[in-house]
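Analysis of the macromolecular model
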There are 4 protein chains.
Amino acid sequence: MRLGLGLIGTGFMGKAHALAYRSAGPVFGGLPDVDLAVLCDTPADKAATLGRQFGFARATDDWRALVADPAVDIVSITTPNGLHREMALAAIDAGKHVHCEKPLALTFEDAREMAEAARAAGVRTIVGYNYIHNPAVTHARALIAKGTIGRPVHFRGWVDEDYQADPDLPWTWRAKRADAGLGTLGDLGCHLVSMAHVLMGPIESLIADTQIIHETRPLADGTGRGAVENEDTASAILRFASGAQGTLCTSRSAWGRKNKLDWEVHGTRGMITFAQERMNELQFYANDGPKAEQGFRTILTGPEHPPYGAFCPAPGHQLGFGDLKIIEAAGLLTAIAKGEEAFPNFTDALGFESVIHAIDRSAREGRRFSPEY
Amino acid sequence: MRLGLGLIGTGFMGKAHALAYRSAGPVFGGLPDVDLAVLCDTPADKAATLGRQFGFARATDDWRALVADPAVDIVSITTPNGLHREMALAAIDAGKHVHCEKPLALTFEDAREMAEAARAAGVRTIVGYNYIHNPAVTHARALIAKGTIGRPVHFRGWVDEDYQADPDLPWTWRAKRADAGLGTLGDLGCHLVSMAHVLMGPIESLIADTQIIHETRPLADGTGRGAVENEDTASAILRFASGAQGTLCTSRSAWGRKNKLDWEVHGTRGMITFAQERMNELQFYANDGPKAEQGFRTILTGPEHPPYGAFCPAPGHQLGFGDLKIIEAAGLLTAIAKGEEAFPNFTDALGFESVIHAIDRSAREGRRFSPEY
Amino acid sequence: MRLGLGLIGTGFMGKAHALAYRSAGPVFGGLPDVDLAVLCDTPADKAATLGRQFGFARATDDWRALVADPAVDIVSITTPNGLHREMALAAIDAGKHVHCEKPLALTFEDAREMAEAARAAGVRTIVGYNYIHNPAVTHARALIAKGTIGRPVHFRGWVDEDYQADPDLPWTWRAKRADAGLGTLGDLGCHLVSMAHVLMGPIESLIADTQIIHETRPLADGTGRGAVENEDTASAILRFASGAQGTLCTSRSAWGRKNKLDWEVHGTRGMITFAQERMNELQFYANDGPKAEQGFRTILTGPEHPPYGAFCPAPGHQLGFGDLKIIEAAGLLTAIAKGEEAFPNFTDALGFESVIHAIDRSAREGRRFSPEY
Amino acid sequence: MRLGLGLIGTGFMGKAHALAYRSAGPVFGGLPDVDLAVLCDTPADKAATLGRQFGFARATDDWRALVADPAVDIVSITTPNGLHREMALAAIDAGKHVHCEKPLALTFEDAREMAEAARAAGVRTIVGYNYIHNPAVTHARALIAKGTIGRPVHFRGWVDEDYQADPDLPWTWRAKRADAGLGTLGDLGCHLVSMAHVLMGPIESLIADTQIIHETRPLADGTGRGAVENEDTASAILRFASGAQGTLCTSRSAWGRKNKLDWEVHGTRGMITFAQERMNELQFYANDGPKAEQGFRTILTGPEHPPYGAFCPAPGHQLGFGDLKIIEAAGLLTAIAKGEEAFPNFTDALGFESVIHAIDRSAREGRRFSPEY
């Protein structure tokens, strides 16, 4: 099988997708061949230059032409979040498979429309929740599924960065709800929800609070200050459908945190914890063996933790961020080849994102809220 | 000045108090001399044996006799929490200074009665919130006060142990609200509140949830199972009077955690974090100097962090739990000598404990709650 | 410029080279285009299968044909160490640029012959000392060069794994000096020497000792036990040309170590340390600012640490092992394009490897030894 | 049994001894009672003031009077190292038990004289190698003795501080061999040797090198610069009597290290490592159970690790430096009460210290050296 890729966007994520689709087949073997068919960005010469660098056959500044191009089987969308909906719906409408960056959309309603369209069209979709594909996380899920830590009864998660910590940063469109949607919940929080879901299952209800730390920021043109409309931090107390409880916290204004996406799963027989900034490690405690020798053990990922071995047969050699995107791309390619759903598809992502919108509403309305799945 | 100590209780905390009062003067110098006057426990021979071991002049099994003894100026109460109120009120009534272990009482109302009695009598009091006396914590408070991390805008705290993690542990009186009061909030949570207070100031309101993980436990006599009435975990989202927000989480059923009393203070210019299981370290990040060299730094406590130097003139040599109790005991002795209030006295402790009761009520009533100070 | 790649070997390192050459151009831009021309392995069908998976135009089981192929400009050698010399000399003789895995050869004399041949032929070479290309290491070198830690006066390095720790592992050819050359020094130790060189400069002389922990191992055919002829551990005390001193330790029998390639550089004003198993972090201490706030800081690599930014514009997202090979491949491509030497070329590698042979001789002869450069 | 203590010196170690003897009985119970009989320092009023603070019955500025005092059964010597010999010999001559700080003496010959005198007199002695009394270290010894990590085959140890790291520190008598003896080997290195001995057994021979980083330092009176005669760093490669090998490294000029006394014991079935700056933790790896769950585990000391429980019945509450001195003092008191040898007595300490002198000689003479036991 050969599949043509049309990639929209050449920024951080655009480049990550290009690299991932170049490497997925060579890493895993047995995948459909990928033709790098069309790259789209504006202006056209930027698309052309990066198209050559990334190895695409053609480049364009017209994303609708890319979607319509018969050489394109998969449309990969890495544009600003507010553009996802229109592009994805067009791609689905054209019968293309879609790889969309997270979050799906600015609002729950838009995301639901996208998920419904994908289901109706029967195309394969995947959303860029790459962190859940980490072999360390996959191993944690396996340990939990095997009962190694007993019944999972409590969850704690945090996702923090510091890109909005500096009080002197200028106001941008990212501070405006109409253009950017949610704040830290949309940028970071939804990644943490994806972790919570795969580890603990769905969330039944929650209570939450949010905070705008820097209420205004200086306008770039020096004419005054603009209002920050979306949250710098959010905190929620969760009840999972399983009966477990937990907390979920996020901040985009946490000095020193660069990609802190950490969690703990408390079980009745042990505990597992993870820290994204040390993404090749799990911490694991089991109530086994002599008390005097119990302790959290640092498990370094290796070939015992699939699909690490596809990258490297030796433990401790470290996967990186780009490798997670390779696993993600391989997931969509496999799904297309097998005629199965990829994970997480638009519907799965809708489930994740329903939680961040529920947090937002709970905080604004001051009451317990259930995510709409 | 010479002060006579009457100590009630010889368990973990009783021994810790005895050791602390023996060492406080030699460590710090300039304190009143302490006579180890009377030790009380039941049965009498246990009191006698440990009285000799700890160096007390006399021993008794009658705590009222201890309180009434004219050789006793300070009554130290380390008995089960349900006994604190009666003993403290008697000691206050006899005009004695009181050193009481935390929490003050099983209920907020009892704690308030104790605080009011102490204020009315004009005696000096201190409550065993020893962790806030750690030089690392004191240094963090100083950094915050100096503005080193800017305005403190967010707090996260956790206090976890695993002494109730095992599903097979038998039922005890600690599971019964009438006898034990709160669960993890009373045992552990109030320590974390004391940290939050000294770092961030008072808490204005909160929303919370609690969880009983093990709803019943086997009765020791094999006749069935008893109900667990108080919480295994509690989670709260806080609004501080300063406008800061934050979260507070506690569990007594968190496998692998032995004394995890950790926190983060997020400021507008930096961050400080602390972990009790590595109590001689602070993690500190400041948005200073070249970006390429920024990072969390591990500050090891040393003589630059008073009162570490009273114990050891060399950095990195590590204080232990017992040393925190020495600082606490010295705090009360100094307060008595100077005729000032110690910190935290009964009124301060009432403030801390109002928060755990507010968490309990918020969780039970499903609404935002303000601690009553 | 277009360059054709001929890759010999499809194991761990063969795959790593294939992936690296596929990604180097897309990651960095501005590099010569690479044609994946010929892949060689035995048997032929393995070469064919993996040639398709990796994207090579042709496959062969005849490495001499690959070397002779006019479509091949670069010969990449990832075969067992004992084969490097013959293949590299043939490639050099054919005027091809050579990318050779470390160590260059089993003996110092063979390595010297290879380096001299490359110099004489004027071809570009690079050797697979990938760890020194880590942005964290590059940043450490820059800090040292700027004098940030003062004069570097002491070095400590370790490189440990546990692939020979199990006493019950069977005897293999790797235990035989004639076939495998050195033991842990050749597998691991030379990587550490490459680190020491780039951080501290050349080594003038050393004293050393080595140890065979498991003197025999069971023969796979059950007929008895075979002798282990090369070292499980090696330790050396170094004098650098700069006047600094230090130690270098390696073990292939260190349980729990998966890729521990760690070092400390002690300077007169600060210290930098690194641990390969946390390859995206540097630890940095400077005697600057208030004593009470000094501490080792954990620097997470990010776009401030070139060439991290070519992979990802956001800090804390983690590079992996494969990314180091991409930087290495880009180094050779750049060198060829610019007509400059790559680093580390065969001569540089000879310098590194002279040290492991000096350690071996010092240990065997019981005297101070100077590496022959 | 009652024993009178005469303590010479009131500095860091003097205070530590005073506190330790005050607490040993109350902590452990069942020990001889200790009378704090005489404290000696100069000038007399300092001795008097600190005598009152520490709780001694009398104070003096005449150490010979202290030694002769019939109320003194134990002489504790915490004076500068050059004074130990004369004081210890006098105390032994007077039939007193002796608690001497490390190192015993400036030279191996002096230390041997002291050990022989103590043996001849039959008094009990102990030397202040307090770090080996840490429950974490004791547990490591027990694990090794039980074979939990198999046969111990390799050792690595480091002991670093930064009190001589600053190039601008003035010259003091500590830089002069005649007055101070060895440099970092005497201050720090001997502690590490004590660790190596208890973990691995005696050292048969070694090769070593030493380094003076700052060859001169400014004289305090501004008249020029004085020569530094003793080593800033030392490194040795060890052969143990057991056949194991290892390395031992020490620096007093290692920026950022405050009390880094770390070691690794490599066994044929596992590994144990320890870091003094996190003295309540062991790292332990065993080749047991599923490979996918293996990892170094962080064991937090607790009541499962005697004698931790004598201080605190709850794990994770942390012992400190002072607690190690309490265990040490209890060791001497127990030995006297039972009429047995304490550990480490003068003869044991002579064994430890023979190694640092062997390192010094090996470095100066450039040849393999065996410690004289």
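The structure reproduced in this document is the subject of the present report.

Definitions and cut-offs
- Every chain's residues receive numbers from 1 upward, in the order its sequence appears when written.
- Both sets of labels track the order of writing: A upward for chains, 1 upward for ligands.
- For this predicted model, a pLDDT threshold of at least 70 governs which residues receive local features, and a threshold of 80 or more governs which side-chain atom pairs are given and counted, while totals over whole chains, interfaces and linings are taken from all residues.
- In computing side-chain properties, one takes all heavy atoms of the structure into account and sets aside hydrogens as well as water.
- Any two strands between which DSSP finds at least two bridges are classified as paired.
- Think of it this way: any DSSP run of H or I at least four residues long counts as a helix, any run of E at least two long counts as a strand, and we number them from the N terminus.
- Lines are fitted to the C-alpha atoms to define the axes, a helix being fitted only along its stretch in contact, and any angle between axes, read from their N-to-C directions, falls within 0 to 180 degrees.
- Contacts are assigned to residue pairs that have any heavy atoms within 4.5 Å of one another.
- In this scheme Phe, Tyr and Trp rings, the latter by its six-membered ring, pair at centre separations within 6.5 Å, and the angle between planes marks the pair as stacked below 30 degrees, edge-to-face above 60, and tilted otherwise.
- With a 1.4 Å probe rolled over the protein chains alone, any residue whose accessible area is under 20% of its type maximum counts as buried; one over 50% counts as exposed, and the rest are partly exposed.
- When we speak of the arc, we mean the arc of directions from the helix axis to the C-beta atoms.
- Here roughly perpendicular refers to angles of 65 to 115 degrees, roughly parallel to angles under 35, roughly antiparallel to angles over 145, and oblique to all remaining angles.
- Polarity classes work like this: nonpolar for Ala, Val, Leu, Ile, Met, Phe, Trp, Tyr, Cys and Pro, charged for Asp, Glu, Lys and Arg, and polar for all others, with Gly in that last group.
- Simply put, the buried area is the total loss of 1.4 Å probe accessible area from both parts when two parts are fitted together.
- By definition, a salt bridge exists where a carboxyl oxygen of Asp or Glu is found within 4 Å of a side-chain nitrogen of Lys or Arg.
- Pairs of N or O atoms are called polar contacts if they sit within 3.5 Å, as long as, within protein, a hydrogen donor faces a hydrogen acceptor (for residues adjacent in sequence, only side-chain-to-side-chain pairs).
- Any cysteine sulfur atom paired with another within 2.5 Å is treated as part of a disulfide.
- The copies were overlaid with a least-squares fit restricted to C-alpha atoms from residues scoring a pLDDT of at least 70 in each copy.
- How far a helix is expected to stretch is found by multiplying one less than its residue total by 1.5 Å.

Here's the deal with the sheet that holds strand 1 (residues 2–8) of chain D
Residue and element names in this part refer to chain D. Strand order across the open sheet formed by six strands is 3-2-1-4-5-6, with parallel pairing between neighbours. Of all the strands in the sheet, the pair left with one neighbour each is strand 3 (58–60) and strand 6 (125–127). Neighbour to neighbour, the strand axes of the sheet diverge by 20 degrees on average, direction disregarded. Along the sheet face, helix 2 (residues 44–54) touches strand 2 (33–40) and strand 3 and points at about 165 degrees away from the line of strand 2.

Observations regarding the packing of aromatic side chains
If you walk through the whole model with that rule in mind, you get 38 aromatic pairs over all chains. With centroids separated by 5.6 Å and ring planes inclined at 25 degrees, the aromatic side chains of W263 of chain B and F274 of chain B adopt a geometry described as stacked. Taken together, the residues span a long stretch of sequence, with W263 of chain B in strand 13 (residues 260–267) and F274 of chain B in strand 14 (residues 270–275) at a distance of eleven residues. Plain terms: the ring middles of F12 of chain D and F321 of chain D are 5.6 Å apart, the flat faces sit at 40 degrees to each other, and that makes the pair tilted. Within this pair, whereas F12 of chain D is found in helix 1 (residues 12–28), its partner F321 of chain D is found in helix 10 (residues 321–338), the two being separated by 309 residues in sequence. Under the relative-accessibility criterion, F12 of chain D is labelled partly exposed at 25%. Of the aromatic side chains, those joined through ring pairs into one cluster are F12, Y131 and F321 of chain A.

Brief notes about helix 2 (residues 44–54) of chain A
Burial in helix 2 of chain A covers these residues: A47, L50, G51 and F54 of chain A. The buried side chains of helix 2 of chain A occupy one side of the element, clustering within an arc of 115 degrees when seen end-on. Structural note: helix 2 of chain A exposes D45 and R52 of chain A on the side pointing more than 90 degrees away from its buried face. Looking at the buried positions of helix 2 of chain A, the neighbouring elements they touch are helix 1 (12–28), strand 2 (33–40) and strand 3 (58–60) of chain A together with helix 1 (12–28) of chain C. The first or second residue beyond helix 2 of chain A is G55 of chain A, which carries a positive phi of 95 degrees.

Some points on the packing of helix 6 (residues 135–145) of chain D against helix 8 (residues 184–200) of chain D
Residues and elements named next belong to chain D. Where helix 6 meets helix 8, the closest approach of the two axes is 9 Å, and the angle between their N-to-C directions is 30 degrees. As the angle between them shows, helix 6 and helix 8 are arranged roughly parallel. Note on element contacts: helix 8 touches helix 6 through M195, V198 and L199, opposite V137, A140, R141 and I144. Here the contact of helix 6 with helix 8 is composed, by residue class, of six nonpolar, no polar and one charged.

Re the interface of chain D and chain C
Taken together, the contacts link 48 residues of chain D with 48 residues of chain C. In total, chain D and chain C occlude about 3,400 Å² of area from one another, counting both sides; carbon and sulfur atoms represent 51% of this. Counting the surface chain D buries against chain C, the share from its top three residues, R156, D209 and W255 of chain D, is 20%. At the junction of chain D and chain C, the tally comes to eight salt bridges. Across the pair R239 of chain D and D209 of chain C runs a salt bridge, and its minimum N-O distance is 2.8 Å. Taken together, the connections running from chain D to chain C amount to 18 residue pairs in polar contact (both at pLDDT 80 or more). Elements with a contribution of two residues or more to the side of chain D that touches chain C: strand 7 (152–160), strand 8 (203–211), strand 11 (233–240), strand 12 (245–251), strand 13 (260–267) and strand 14 (270–275) of chain D. Per-class residue counts for the side of chain D that touches chain C are 16 nonpolar, 18 polar and 14 charged.

A short note on the pairing of strand 15 (residues 281–286) of chain D
Residues and elements named next belong to chain D. Taken across its six residues, strand 15 has five buried, putting it largely inside the fold. Relative to strand 15, strand 14 is paired through five bridges, and the arrangement is antiparallel. Residue pairing across strands places I272 opposite F284, the latter belonging to strand 15. The antiparallel hairpin formed by strand 14 and strand 15 contains five residues in its connecting segment.

Side note on the state of the cysteines
Note on terminology: a disulfide is the covalent bond linking the sulfur atoms of two cysteines. The full count for this structure, using the stated rule, is zero disulfides over all chains. The thiol of C249 of chain B is unpaired, and the distance to the nearest cysteine sulfur, on C249 of chain A, comes to 6.2 Å. Between C100 of chain C, a free cysteine, and C190 of chain C, which holds the nearest cysteine sulfur, the sulfur-to-sulfur gap is 11 Å.

Some details on the relation of the copies chain D and chain C
If you rotate chain D by 180 degrees and push it 0.0 Å along the axis, it lands on chain C with an RMSD of 0.0 Å. Here the transformation between the copies is reduced to the relation of a two-fold axis.

Some thoughts on helix 5 (residues 108–121) of chain D
Residues and elements named next belong to chain D. End to end, helix 5 covers 20 Å across 14 residues, agreeing with the expected 20 Å (1.5 Å per residue, within 8%). Every buried residue belonging to helix 5 is among F108, A111, M114, A115 and A118, and all of these are buried. Angular distribution of buried residues about the axis of helix 5 spans 125 degrees; they occupy a single face of the element. Here the buried face of helix 5 lies against helix 4 (81–93), strand 5 (97–100), strand 6 and helix 11 (346–365). Looking at the residues trailing helix 5, positive phi occurs at G122, about 75 degrees.

Considerations on the pattern of salt bridges
Tallied over the entire structure, the rule returns 104 salt bridges over all chains. Shared partners join several salt bridges into a network, and the residues in it are R156 and E264 of chain A together with D160 and R257 of chain B.

Considerations on the pairing of strand 8 (residues 203–211) of chain B
All names here are of chain B. The element strand 8 is largely enclosed, with a buried count of seven among its nine residues. Summarising the sheet, strand 8 and strand 11 (residues 233–240) pair through eight bridges and their orientation is antiparallel. For A208, the partnering residue across the bridge sits in strand 11 and is A236.

Brief notes about the side chain of N130 of chain C
Residues and elements named next belong to chain C. Mapped onto the elements, N130 comes out in the loop between strand 6 (125–127) and helix 6 (135–145). Residue N130 is classed as buried on the basis of its relative accessible area of 2%. Contacts of N130, omitting those with residues within four sequence positions, involve H191, F321, L324, K325 and E328.

Observations regarding the interface of chain A and chain D
Facing 15 residues of chain A, the contacting portion of chain D comprises 15 residues. Summing the contributions of chain A and of chain D, the shared interface buries around 1,200 Å²; its carbon and sulfur component is 48%. The three residues of chain A that bury the most area against chain D are A292, E293 and R297 of chain A, which together make up 47% of that side's buried surface. Applying the counting criterion to the chain A and chain D interface returns zero salt bridges. Between the two partners, chain A and chain D, sit ten residue pairs in polar contact (both at pLDDT 80 or more). If you tally residues by element for the side of chain A that touches chain D, the top one is strand 16 (residues 296–300) of chain A, at four residues.

Digging into the relation of the copies chain A and chain D
The transformation that overlays chain A on chain D combines an axial shift of 0.0 Å with a rotation of 180 degrees, and the residual RMSD is 0.0 Å. In this assembly, 100% of the residues forming the interface of chain A have copies in chain D that are likewise at the interface, indicating an isologous arrangement.

Things to note about the sheet that holds strand 6 (residues 125–127) of chain B
Residue and element names in this part refer to chain B. The parallel open sheet is built from six strands, whose spatial order is 3-2-1-4-5-6. Two strands close off the open sheet at either side, each with one partner strand: strand 3 (58–60) and strand 6. Across this sheet, the average inter-strand angle for adjacent strands is 20 degrees, counted without regard to direction. Sheet topology places strand 4 (residues 74–77) next to strand 5 (residues 97–100); four bridges connect them, and they run parallel.

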